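Residue-level listing of the chains:
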4 protein chains.
Amino acid sequence: MSGSIYGNLFRISTWGESHGKGIGVVVDGCPAGLFLTEESIQPYLDRRKPGETKYSTPRKESDTVEILSGTFEGRTTGTPISMIVYNKTQRSRDYSEIASYYRPGHADYTFDQKYGFRDYRGGGRSSGRETIARVAGGAIASLILKTIGIEVNAYTKSIGPITIDYGKCSKENVLKSPLYMPDLDASLQAEDFLTNTMQNKDSAGGVVECIVSGMPAGIGETVFEKLDANLAKGVMSIGAVKGVEIGSGFQAATMTGSQNNDNFFIADSQVHKQTNHAGGILGGLSDGSEIILRAAFKPTPSINKTQQTFNTMGENIDINVKGRHDPIIVPRAVVVVESMVAMTLLDMLFSNMCTRMDKFTAFYHQ
Amino acid sequence: MSGSIYGNLFRISTWGESHGKGIGVVVDGCPAGLFLTEESIQPYLDRRKPGETKYSTPRKESDTVEILSGTFEGRTTGTPISMIVYNKTQRSRDYSEIASYYRPGHADYTFDQKYGFRDYRGGGRSSGRETIARVAGGAIASLILKTIGIEVNAYTKSIGPITIDYGKCSKENVLKSPLYMPDLDASLQAEDFLTNTMQNKDSAGGVVECIVSGMPAGIGETVFEKLDANLAKGVMSIGAVKGVEIGSGFQAATMTGSQNNDNFFIADSQVHKQTNHAGGILGGLSDGSEIILRAAFKPTPSINKTQQTFNTMGENIDINVKGRHDPIIVPRAVVVVESMVAMTLLDMLFSNMCTRMDKFTAFYHQ
Amino acid sequence: MSGSIYGNLFRISTWGESHGKGIGVVVDGCPAGLFLTEESIQPYLDRRKPGETKYSTPRKESDTVEILSGTFEGRTTGTPISMIVYNKTQRSRDYSEIASYYRPGHADYTFDQKYGFRDYRGGGRSSGRETIARVAGGAIASLILKTIGIEVNAYTKSIGPITIDYGKCSKENVLKSPLYMPDLDASLQAEDFLTNTMQNKDSAGGVVECIVSGMPAGIGETVFEKLDANLAKGVMSIGAVKGVEIGSGFQAATMTGSQNNDNFFIADSQVHKQTNHAGGILGGLSDGSEIILRAAFKPTPSINKTQQTFNTMGENIDINVKGRHDPIIVPRAVVVVESMVAMTLLDMLFSNMCTRMDKFTAFYHQ
Amino acid sequence: MSGSIYGNLFRISTWGESHGKGIGVVVDGCPAGLFLTEESIQPYLDRRKPGETKYSTPRKESDTVEILSGTFEGRTTGTPISMIVYNKTQRSRDYSEIASYYRPGHADYTFDQKYGFRDYRGGGRSSGRETIARVAGGAIASLILKTIGIEVNAYTKSIGPITIDYGKCSKENVLKSPLYMPDLDASLQAEDFLTNTMQNKDSAGGVVECIVSGMPAGIGETVFEKLDANLAKGVMSIGAVKGVEIGSGFQAATMTGSQNNDNFFIADSQVHKQTNHAGGILGGLSDGSEIILRAAFKPTPSINKTQQTFNTMGENIDINVKGRHDPIIVPRAVVVVESMVAMTLLDMLFSNMCTRMDKFTAFYHQ
């Protein structure tokens, strides 16, 4: 079945493998009239580009995006926007060995079980390189959200055991930290931790936190198309994500109602909440306060330590995976989380437009 | 937008409010030839029925299901199965007061923001009663899964601060515990905790864990329609769920690759894993081991304690919500989690049927 | 697969068999704030009700609709509207014979091939009674369209060889004619033709024409979700429809470009066309002029004449189908065509709301 | 809204404008294991390539397809197949004049009404060049269908007033005729007719007929996802199509039941029909006989005759459209019709795989 299409009204269709010709995305459902060039999108891709720090794979890729359709004289036309990023430095020979066995923690075995065989070069379609397409699509969604004052900002909340201290955080720090952590002390500690982890030929995981500001209230659809349900799907679909939570999340399970409920109050003719345990979503609809979401990333499964597995001959073997790997993917995943959140929010802002008779008749001027 | 339809190939369309005529579901996409009567479905509904223990709302409802279409001579015909559960004891007058203000932790404010007004009687469509429809649909999915040896079993993992001890757990215990906990010691402690919580006019949350056995490998679709992504959406769409995790979940973020990777091995010509941190899903596809999923439920927002909020006149007020409420919804939600998991799995088992040329040509006998 | 759900943003999910408990529909995606009661919907159903004239089946059904959910104090709430029409006079014994053979022109054989068996009572799900659900859903769509000045009007254009003369037509005539023909002379001739056909124990077909006025320009989505493409699907999905055309339709194939092109002109600051061969749709988008659509209905396959077929034993046999049949379904299908058109238009009016940046930002007030 | 995605399980996402960088398609949902190279697809594209005869636009394009993803070692992997055809000879200056006015019969006016402005170069997204993407996707669908013995064959049935004589037709003739007519006498007459039409600076339309052989019975989904409903949508979505009919189509409306019903009989243990007025579809499901579909194409709207219209200043003007146009698009559209039919059939063959319990349990080996 088709699994590479995301969204309903704002929809992306993605394609490409780690060691194929490139990675691409078709954005279908972008409204007409958005100012858009490659320069608007490239900064988003640069944030997930490999080889920027010593904590990411040494594979060098410029990841330069090219727009192939859907714009005219610098503006979107309302028709599909096709974008492509060519793979430049695929080195398939590194991966020939992988063809014969199943790496623990990877999709090698499950792909073979599903499809009968697989493109084993760098993980093929299951490679993290597919997230280029998510980021290119997410960039467009983010640009549209900005026009109505919605900002989506994610950062690294924790790496292994190192967690940020909210008291030391600032937005500016995020871009100063090579790990996209808003607390620079935690960032330095995490660097130490990662250096140590790499020396042990091991890898690390972490948590990305995403904050959305400026979201109007009432966005999302009741029952199954809840805003949080769709956010959970979008974020859980990112490779390596093993958990998603909103607001107080798993901690809510240990709280009492009187602790967890956010009391409302009116001040300056505006609705406020005393707390935001709900993470900005009540009954599946945005409540006008900040949306808070966290995603747990497992450690990169590619490690240079010896591991046990079996091969295509059905023999139990010891392996030592070579290749160019990220010791941690969390920092590069920050913009991927933002992208999935932005596209999901936009889709639900669109669907919300046809939920009230008064707004429908006003739209069609009667 | 349409938000009350779930699934792609196995699809349910649900309707109904807490204090309307009833709750219903249309199951579209059930294969022909399944033996099905009301008696097959009722046991699932009985597990979420209110009023069974002192830890659930005293509202008495038999929640008896009636099949209106889609079966003939005891078997499904392949056409839509419409099911209805009538509301018997709706007492709308209890709720007239609610019309004038917005309860903290509820969807009152967000519904008003979205739709301009709301059916305030018992929360209307945002009431937990809508899960009757999920359970009726999930019962059919579960029955279909059983025909190929797949079992979906959920239970209460924790209530407030009380968590089960896996060493003391058994499947049989689940039905013995009024809280659906597989560890009866923990269950007793949780009962004490809840009694105390109720005396404080407060409410509690908890975690539901769901285990799927018998799942073949390779189920799920790559990139966006990953099995875990769809499970996350399905489960997060249940009211009060604030977090979802698979396998080691949020803990994976603190582990190293060598700790978290599950080594494969072959024994007795079968593929096994030494551990199951992945929770049965690799690269978004089932890996043949047990699927492990957890959902965090927030405490019931309806409490009898005084809370601050504002009313429809825009005044800040203190409220004390009356009505018949559950001090905890977790035990009744166990079967709801199972239902969402079962429907999601079945949908992806269906979509997997058309992903290989060899199986396609075999199906059509050429 | 799910086949009983129609639409994307305005969505109906239908269920029910000819001889089951009833026929129903869940409307999901109706905006909040529409004034709606059973009285608003019943007139639409009355137009397709059987037994009103001697040209329809003598089966007597009041086809009274009951709303089960989705309204509060006389207005829609934005949540699913479930409606039911109970079957009152199903006489299953009439059909027991049908179980053993396959009626020509019916879905008996194809249902058995697909599902392995079938609910043979009155055609089960393939009965024309399923159109009750379409009409109930279409009624709501029509009521919404009216609020912005869009009217959907269908009528019988031809029955067998008898076609209306546009020179003699009026809107008022449609309701005066028992056959819903706007030309009363043609209507009388068609009545004679039908009387004759019935005496021959035969049946007749015809063409329904549908005119939509008040449609704004630019509605529809380019390439695959064209307005005409969706109208074609919606109308062709009505049982017995074998052809659909827009504007000059099949005749356009014999015209030259200079004959078929509709020249534009401006008069009174309004855009007009000198002709309307396009039937109101250019490039898949509405052009602001009347939408003109025609649907060809085959003659009712149930006839009392002897026919050849085979039975479930694999024997060639002669049959004579008994039961209560319509000698023609065209007049009762008029409102069914309107319903499919109305729901399709509304769905595309909804999707059009998110296709321009300027309107998006205006909607969200920035 | 997203309008450039077609299909549910076998899905294409298309992009590109007449005078942009190229035209492309992403095929999502192609099963793994199909042998596929550019050489398998190119012959389909060659059949719609411009400039092959004097009856098509003189614009020269090789329309060479390149596969960018989704195959490995000559076989599809089950992941998205991205294909691109670069535009080589776009001459945008030809079209600068068009920017200022609205061509009759074109989408200029409706695009401006919908999107606020348009890419006017060669019609932009509304150009017939978008059908390249349909044909590339359709080629893959056709190749898959062939593996189970299903052949989709279309041809020109009529051009203007010239219609084929079935007595003179053969499959071989289709490729001999520059107009893809299976009757070579009619083809010669049509050539004369077109020469005359071109001398008059006019254009012509025609009818494409499509025959599907080898289709198993029972394919399609009841009620809204009928096989004929989906075929109608797919074919009506082709630009310039104004009507679609199945089997006896519009003629059925003038027949009686006894004339139109196809009697069944068994011979050599096979089910046959004495006639095929149904065009291979009963109750929306294939009946095992040939599927017969016809599409009416309007004459090319671009003509060199003087026409009336208005310009962007709101003035009524006379225009004379220049540029490289097809005097008829029907012959080049033959393979486009085949493509839409093939993709639609495949999608419904896929969805049919999960409609019976016995086949479901057999697939999953229990």
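Note that this is a predicted model, so its numbers are computed, not measured.

## Some words on the pattern of salt bridges
Okay, so step 1: Inspection of every chain in the model, using the stated rule, returns 77 salt bridges over all chains.
Okay, so step 2: The partner of Glu66(D) in a salt bridge is Lys21(A), and the shortest N-O contact between them spans 3.2 Å. Note that Glu66(D) is positioned in strand S4 (residues 65-67) and Lys21(A) in the loop between strand S2 (11-16) and strand S3 (22-28), a pairing that runs across two chains.
Okay, so step 3: A residue is classified by how much of its surface remains accessible, and Lys21(A), at 37% relative accessible area, is partly exposed.
Okay, so step 4: Linking Asp112(A) and Arg118(A) is a salt bridge whose minimum nitrogen-to-oxygen distance equals 3.5 Å.
Okay, so step 5: The exposure class of Asp112(A) is buried, given its relative accessible area of 15%.
Okay, so step 6: For Arg118(A), a relative accessible area of 9% puts it in the buried group.
Okay, so step 7: Taken together, the salt bridges that share partners define one network made up of Arg103(A), Asp108(A), Asp112(A) and Arg118(A).

## Brief notes about the interface of chain A and chain B
Okay, so step 1: Taken together, the contact between chain A and chain B spans 105 residues of the former and 105 residues of the latter.
Okay, so step 2: Here chain A and chain B share four salt bridges between them.
Okay, so step 3: As a salt-bridge pair, Lys233(A) and Glu225(B) come within 2.9 Å of each other at their nearest N and O atoms.
Okay, so step 4: Linking chain A with chain B are 52 residue pairs in polar contact (both at pLDDT 80 or more), by the criterion used here.
Okay, so step 5: With seven residues, helix H2 (residues 108-115) of chain A is the single largest residue contributor to the side of chain A that touches chain B.
Okay, so step 6: Among the residues making up the side of chain A that touches chain B, the classes are represented as 43 nonpolar, 42 polar and 20 charged.
Okay, so step 7: Two strands pair when backbone bridges link them, and strand S11 (residues 241-246) of chain A and strand S11 (residues 241-246) of chain B are joined in this way by three bridges, in the antiparallel orientation. Counted as the bridge partner of Gly243(A) is Glu245(B) from S11(B).

## Observations regarding helix H3 (residues 131-147) of chain D
All names here are of chain D.
Okay, so step 1: Here H3 contains 17 residues, and its C-alpha end-to-end distance of 24 Å stays within 8% of the 24 Å for a straight helix at 1.5 Å per residue.
Okay, so step 2: For H3, a buried count of 15 out of 17 residues is recorded, marking the element as mostly surrounded by other parts of the structure.
Okay, so step 3: In the stretch just after H3, Gly 149 is the one whose phi turns positive, near 85 degrees.

## Some thoughts on the pairing of strand S8 (residues 151-159) of chain C
Residues and elements named next belong to chain C.
Okay, so step 1: Within S8, seven of the nine residues are buried, which leaves it mostly tucked inside the rest of the structure.
Okay, so step 2: As paired strands, S8 and strand S10 (residues 206-213) are joined by eight bridges and run antiparallel to one another. Along S10, the bridge assignment pairs Glu 151 with Ser 213.
Okay, so step 3: Of the pairings in the sheet, the one linking S8 to strand S9 (residues 162-163) comprises two bridges and is antiparallel in character. Its bridge partner lying in S9, Ile 159 is registered against Ile 162.
Okay, so step 4: Connecting S8 to the antiparallel partner S9 that follows it, the hairpin turn spans two residues, and Gly 160 within it adopts a positive phi of roughly 50 degrees.

## Remarks on the packing of helix H1 (residues 38-48) of chain A against helix H9 (residues 330-352) of chain A
Residues and elements named next belong to chain A.
Okay, so step 1: Contact geometry of H1 with H9 gives a least axis separation of 6 Å together with a crossing angle of 140 degrees. Between H1 and H9, the angle is such that the two are oblique. Contact residues: H1 offers Tyr 44, Arg 47 and Arg 48, while H9 offers Arg 332, Val 334, Val 335, Val 336 and Glu 338.
Okay, so step 2: Looking at the contact of H1 with H9, its residues break down into four nonpolar, no polar and four charged.

## Observations concerning the side chain of Thr110(D)
Okay, so step 1: In this structure, Thr110(D) sits in helix H2 (residues 108-115).
Okay, so step 2: At a separation of 3.0 Å, a polar atom in the side chain of Thr110(D) contacts the main-chain carbonyl oxygen of Leu282(C).
Okay, so step 3: Thr110(D) has contacts with Gly218(C), Leu282(C), Leu285(C), Ser286(C) and Asp287(C), leaving out every residue within four places of it along the chain.

## Some remarks on the relation of the copies chain A and chain B
Okay, so step 1: Superposition of chain A onto chain B requires a rotation of 180 degrees combined with a translation of 0.0 Å along the rotation axis, giving an RMSD of 0.0 Å. Look at the turn and shift together and you get a two-fold axis relating the two. Relative to the rotation axis, the C-alpha of Lys233(A) is the closest in chain A, positioned 2.4 Å from it.
Okay, so step 2: In this assembly the copies share their binding face: 100% of the residues contributing to the interface of chain A also contribute to that of chain B.

## Regarding the relation of the copies chain D and chain B
Okay, so step 1: It takes a turn of 180 degrees to lay chain D on chain B, together with a shift of 0.0 Å along the axis; the resulting RMSD is 0.0 Å.
Okay, so step 2: A share of 100% of the interface residues of chain D reappears at the interface of chain B, consistent with the copies meeting face to face through the same patch.

## Regarding the interface of chain D and chain B
Okay, so step 1: Each partner contributes residues to the interface: chain D has 29 residues there, and chain B has 29 residues.
Okay, so step 2: Carbon and sulfur atoms supply 74% of the area that chain D and chain B bury against each other, a total of about 2,700 Å² over both sides.
Okay, so step 3: Of all residues in chain D, Met353(D), Met357(D) and Tyr364(D) bury the most surface against chain B, accounting for 25% of the area lost on that side.
Okay, so step 4: In this structure, the connection of chain D to chain B is made through zero salt bridges.
Okay, so step 5: Joining chain D to chain B, the criterion identifies eight residue pairs in polar contact (both at pLDDT 80 or more).
Okay, so step 6: For the side of chain D that touches chain B, the secondary structure elements donating two or more residues are H3, helix H9 (330-352) and helix H10 (357-363) of chain D.
Okay, so step 7: Of all the elements, H10(D) adds the most residues to the side of chain D that touches chain B, at five residues.
Okay, so step 8: Each residue belonging to the side of chain D that touches chain B can be placed in one class, and the counts come to 17 nonpolar, 10 polar and two charged.

Thresholds applied
- Residues numbered from 1 in each chain as written.
- Chains lettered and ligands numbered in written order.
- Predicted model: local features only at pLDDT ≥ 70, side-chain atom pairs only at ≥ 80, totals over all residues.
- Heavy atoms only, no water.
- Salt bridge = Lys/Arg side-chain N within 4 Å of Asp/Glu carboxyl O.
- Helix = DSSP H or I, 4+ residues; strand = E, 2+ residues; numbered from the N terminus.
- Buried < 20%, exposed > 50% of the residue type's maximum accessible area, 1.4 Å probe, protein only.
- Contact = heavy atoms within 4.5 Å.
- Polar contact = N/O pair within 3.5 Å; in protein donor to acceptor, adjacent residues only side chain to side chain.
- Nonpolar A, V, L, I, M, F, W, Y, C, P; charged D, E, K, R; others polar.
- Pairing = 2+ DSSP bridges.
- Expected span 1.5 Å × (residues − 1).
- Axes fitted to C-alpha atoms, helices over the stretch in contact; angles between N-to-C directions.
- Parallel < 35°, antiparallel > 145°, perpendicular 65-115°, else oblique.
- Least-squares fit on C-alpha atoms with pLDDT ≥ 70 in both.
- Buried area = accessible area lost by both parts, 1.4 Å probe.

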